[in-house]
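Fold and geometry: a report
Listed below are the residues making up each chain.
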Amino acid sequence: MTCRELVEFLLDYLEEALPGAQREEFEHHLQACPPCLAYLETYKRTVQLGKTVCAEPEGPIPDDVPERLVQAILASRRKSV
Ligand SMILES: [Zn+2]
């Protein structure tokens, strides 16, 4: 699995929608690739923040979250509704 594929499967992985073989590849890649692991952690944290932001529409988004990532998550949430 490449880093690019990992990013594509990230959402499925977090929703536990990945088939077993792909999930294994995903986790294997994470163990071998610190940047992807860091990306996953940031992503998970941002999803949490996204929920907080939706609960409090007036709430500020912390400065250390990349705006691009927030927009990507909000866009994917809109699609899945
Ligand atoms: Zn990687």
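In the block above lies the structure referred to throughout.
Residues numbered from 1 in each chain as written. Predicted model: local features only at pLDDT ≥ 70, side-chain atom pairs only at ≥ 80, totals over all residues.

In this section: the overall build of the protein. Looking only at helices and strands, one finds four helices and zero strands in the protein. Shown N-terminal to C-terminal, the secondary structure of the protein runs as helices and strands in the order α-α-α-α. Evaluated residue by residue, the protein yields a buried proportion of 1% over its 81 residues. (Helix = DSSP H or I, 4+ residues; strand = E, 2+ residues; numbered from the N terminus. Buried ≥ 20, exposed ≤ 12 C-beta atoms within 10 Å, placed from the backbone.)

The interhelical angle for the contact between helix H1 (residues 3-14) and helix H2 (residues 20-32), taken along N-to-C directions, is 120°, at an axis separation of 11 Å. Considering their axes alone, H1 and H2 lie oblique with respect to each other. With respect to the hand of their crossing, H1 and H2 are arranged in left-handed fashion. Contact residues: Leu6, Phe9 and Tyr13 in H1; Gln22, Arg23, Phe26 and His29 in H2. Classifying every residue of the contact of H1 with H2 gives four nonpolar, two polar and one charged. (Axes fitted to C-alpha atoms, helices over the stretch in contact; angles between N-to-C directions. Parallel < 35°, antiparallel > 145°, perpendicular 65-115°, else oblique. Left-handed = near helix turned anticlockwise from the far one by under 90°. Contact = placed C-beta atoms within 7 Å. Nonpolar A, V, L, I, M, F, W, Y, C, P; charged D, E, K, R; others polar.)

With that settled, consider the environment of glycine 50. Looking at where glycine 50 falls in the secondary structure, it is placed in helix H3 (residues 34-55). A C-alpha to C-alpha distance of 7.3 Å links glycine 50 and valine 70, two positions 20 residues apart in sequence. For glycine 50, the contacting residues outside a window of four places in its chain are Val70, Ile73 and Leu74.

Right, let's talk about H1 for a bit. Since the α-helix advances by 3.6 residues per turn, residues separated by three or four positions end up pointing in the same direction. Taking 1.5 Å of rise per residue, the 12 residues of H1 would be expected to cover 16 Å, and the 16 Å separating its terminal C-alpha atoms lies within 8% of that figure. Glutamate 16 sits one or two residues past H1 and shows a positive phi near 55°. (Expected span 1.5 Å × (residues − 1).)

This paragraph deals with the environment of valine 7. Within the element layout of this structure, valine 7 appears in helix H1. The spacing of valine 7 and leucine 40 is 33 residues in sequence and 8.5 Å in space, taken between C-alpha atoms.

For the rest of this paragraph, the subject is unusual backbone geometry. Residues other than glycine seldom take positive phi values, yet glutamate 16 does so here, at roughly 55°. As for its position among the elements, glutamate 16 is in the loop between H1 and H2.

All quantities given are derived from atomic positions and should not be read as evidence of function.
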